[in-house]
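Here are the chains, one letter per residue:
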Amino acid sequence: MPVEELSDGIFRINVDDREMLATKNLMSGISVYGERLIVEEDVEYRQWDPNRSKLGAMVLKNFEIPLHYDSAVLYLGAASGTTVSHVSDILRDGLVYAVEFSPRTMRDLLQLCDQRPNIIPILADANKPQSYAHIVEKVDVIFQDVAQPNQAEIAAINSKYFLEQHGHLMLSIKSRSIDTVASPKRIFKEEVQKLETGFDVEFEVLQRKELDPFHEDHLGLVARMFVDDEE
Amino acid sequence: MQESGQGAALQDLDLRQAAIDSCFVELDEEYDILLREVCIRAAKSRISSNDTDDRRIIQAVQALDDIDRNSNELSERLLEWYGAYFPELELTGEPLARFVSTFGSRANVPESHPIFVKASMSMGSELSFADEELLRTFALNLCSLYDTRRHIESYIVKAMGSLAPNLSDIAGALLGARLISMAGSLQKLASFPSSTVQVIGAHRALFKHLRGNTPPPKHGIIFNNVVIKNAPWWQRGKLARSFASKISLAARTDFYTGKRDPSIRENMDKKLNAIRTANPSPPKRESKPTGKPGSRGKSRNKKGGRR
């Protein structure tokens, strides 16, 4: 069986005895960043390199990916859109808001947005969700991959604004951007603790795993927003 | 309504509902399509407005560095290559490239040319026609790189003259442009403390100092100005400090007023001369500098607190 669907829209394909991760290409014939296009049973797939994508690495690390065909996703730290393009593949009938701060990388991202109908680009600072609150509506999933020292805080304030009740937060924590010398294990522990109790929204961490060997000193994390029913 | 995006008042506004209520759009799908188009357009216009004067100068400075790196490499190659045919030619760099592109084979050097004797007596091997053509093209390309470099340089001088006249006046256009490039923008340079300006470009030495027991760097990229480069070693630290403070002053004047202020230059010259006359001869070294802070006996190094 050469093609196996691991999760909604995410496939494992066997090509030339090598297993690779792929998504169904939404815009057939177009390779976004030079990745390989594979046609299997009249369906075109795009190879997904886990070394270039935290989300891809999380799939291979057996995370349960809460993305579905019709999810709405807020993607913080979209960069030039390598991973965003695969998210856009997965969300055939969904929508992804791609927030990126740097004008330089936004330039590349915009070319992707021109091609794909389900990406909404936002040039803004993820620290200031007020600045894009008029654009973004409630989302099912927040995916965050920002190299900022206050990653947990960014995740929390954005969740407060935009995440549906019981929505999922997917986080890639880079220990190096919090402290270059401290031990990653300790930083991860602190960050997880912060998420669980540190802010006025609380999270229930469902899964956490380091993303090596694909990404060194990164922790992948899936959490669900915990809603306090007392109020 | 779609474009007026930044205010906190919009925070609680349901834009979709408002658009439908006011009959701006009829269907949800219509809103989705419109939202996407507006976002793309907004991002594009913000990106194009991001291309400011200092961005252009930064690109030019970096292009200059790229050309320097490449032209050095190519000219070394030309020296090696052409040297086989005319080893007596004692030219390097641009003169060599000009020579090769004009004459090609040394047989083409006219009698009137000062190098003629050397050319006719050379021990180098003969240059075949194909090789000569190739070398000439190669040298011609190198020449055009040198031309481009001069072009960029004059562009920077001109652009700096209008963007940062005071900075150009104090530090020189090229050094000023380099400082802007390393700071990221004129605004950032203007907001740096002058102690940072003093050591921009000496990151390795600075962090080595902060981490361990090496002496702090006296100057970063500002060393490239004659004020410091031509100064005797015992004045350099002092000059660098006051030079950096004047650079900060100039950058701030440029960023916040945009007007040229000749008094900065006058004050700087006065100050620098005072330092030069106050320290005419090298200080006697009391003990061998071990590099340990504290053992150097100069309390001045520690003033200003931690950075």
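### Here we look at the pattern of salt bridges
Item 1. Applying the stated criterion to the full structure yields 33 salt bridges over all chains.
Item 2. R46 of chain A serves as the salt-bridge partner of D89 of chain A, at 2.9 Å between the closest nitrogen and oxygen. Taken together, the residues D89 of chain A in helix α2 (residues 82-90) and R46 of chain A in strand β5 (residues 43-48) connect sequence positions 43 residues apart. For the residue pair D89 of chain A and R46 of chain A, the accessibility class agrees, reading buried in each case.
Item 3. Its salt-bridge partner being R106 of chain B, residue E126 of chain B comes within 3.8 Å of it at the nearest N-O pair. Of this pair, E126 of chain B sits in the loop between α5 (116-121) and α6 (129-163) while R106 of chain B sits in the loop between α4 (93-103) and α5, and the two are 20 residues apart along the sequence.
Item 4. The class of R106 of chain B is buried, set by a relative accessible area of 13%.
Item 5. Here the salt bridges do not stand alone but share partners, grouping E35, R46, D89 and R116 of chain A into one network.

### Some remarks on the packing of helix α3 (residues 53-83) of chain B against helix α8 (residues 173-183) of chain B
Residues and elements named next belong to chain B.
Item 1. Orientation of α3 relative to α8, taken along the N-to-C sense of each, is 105°, at an axis distance of 9 Å. Accordingly, the angle class assigned to the pair α3 and α8 is roughly perpendicular. Of the residues in α8, those touching α3 at D54, I57, I58, V61, Q62, L64 and D65 are L174, A177, R178, I180 and S181.

### Side note on the nonpolar core
Item 1. Counting residues in hydrophobic clusters, the biggest one holds 42 residues, and the most contacted among them are M160, L167, L179, L189, F243 and I247 of chain B.
Item 2. Counting only elements with at least two residues in this core, the list comes to α3, α6, α7 (165-171), α8, α9 (186-191), α12 (226-229), α13 (233-256) and α14 (262-278) of chain B.
Item 3. Here the element with the most residues in this core is α13 of chain B; it accounts for seven residues.
Item 4. Ignoring any residue separated from it by four or fewer positions in sequence, one finds L179 of chain B in contact with L189, V197, I200, I221, I222 and I247 of chain B.
Item 5. Of all hydrophobic cores here, the second largest spans 40 residues; its members include Y132, A152 and L169 of chain A together with V25 of chain B.

### Thoughts on the interface of chain B and chain A
Item 1. Across the boundary between the two partners, chain B contributes 16 residues, which contact 20 residues of chain A.
Item 2. Carbon and sulfur atoms supply 61% of the area buried between chain B and chain A, which totals about 1,700 Å² over both sides.
Item 3. The tally of links between chain B and chain A comes to two salt bridges.
Item 4. When the shortest N-O distance is used, the salt bridge between D114 of chain A and K44 of chain B registers 2.9 Å.
Item 5. Counting every contact that joins chain B to chain A gives six residue pairs in polar contact (both at pLDDT 80 or more).
Item 6. Listing elements by their share of the side of chain B that touches chain A, those giving two or more residues are α1 (15-21) and α2 (28-49) of chain B.
Item 7. Looking at which element gives the most residues to the side of chain B that touches chain A, the answer is α2 of chain B, with nine residues.
Item 8. Here the residues of the side of chain B that touches chain A sort into eight nonpolar, four polar and four charged.

Rules used in this analysis
- Residues numbered from 1 in each chain as written.
- Chains lettered and ligands numbered in written order.
- Predicted model: local features only at pLDDT ≥ 70, side-chain atom pairs only at ≥ 80, totals over all residues.
- Heavy atoms only, no water.
- Salt bridge = Lys/Arg side-chain N within 4 Å of Asp/Glu carboxyl O.
- Helix = DSSP H or I, 4+ residues; strand = E, 2+ residues; numbered from the N terminus.
- Buried < 20%, exposed > 50% of the residue type's maximum accessible area, 1.4 Å probe, protein only.
- Axes fitted to C-alpha atoms, helices over the stretch in contact; angles between N-to-C directions.
- Parallel < 35°, antiparallel > 145°, perpendicular 65-115°, else oblique.
- Contact = heavy atoms within 4.5 Å.
- Core = buried A, V, L, I, M, F, W, Y, C linked by side-chain atoms within 4.5 Å.
- Buried area = accessible area lost by both parts, 1.4 Å probe.
- Polar contact = N/O pair within 3.5 Å; in protein donor to acceptor, adjacent residues only side chain to side chain.
- Nonpolar A, V, L, I, M, F, W, Y, C, P; charged D, E, K, R; others polar.

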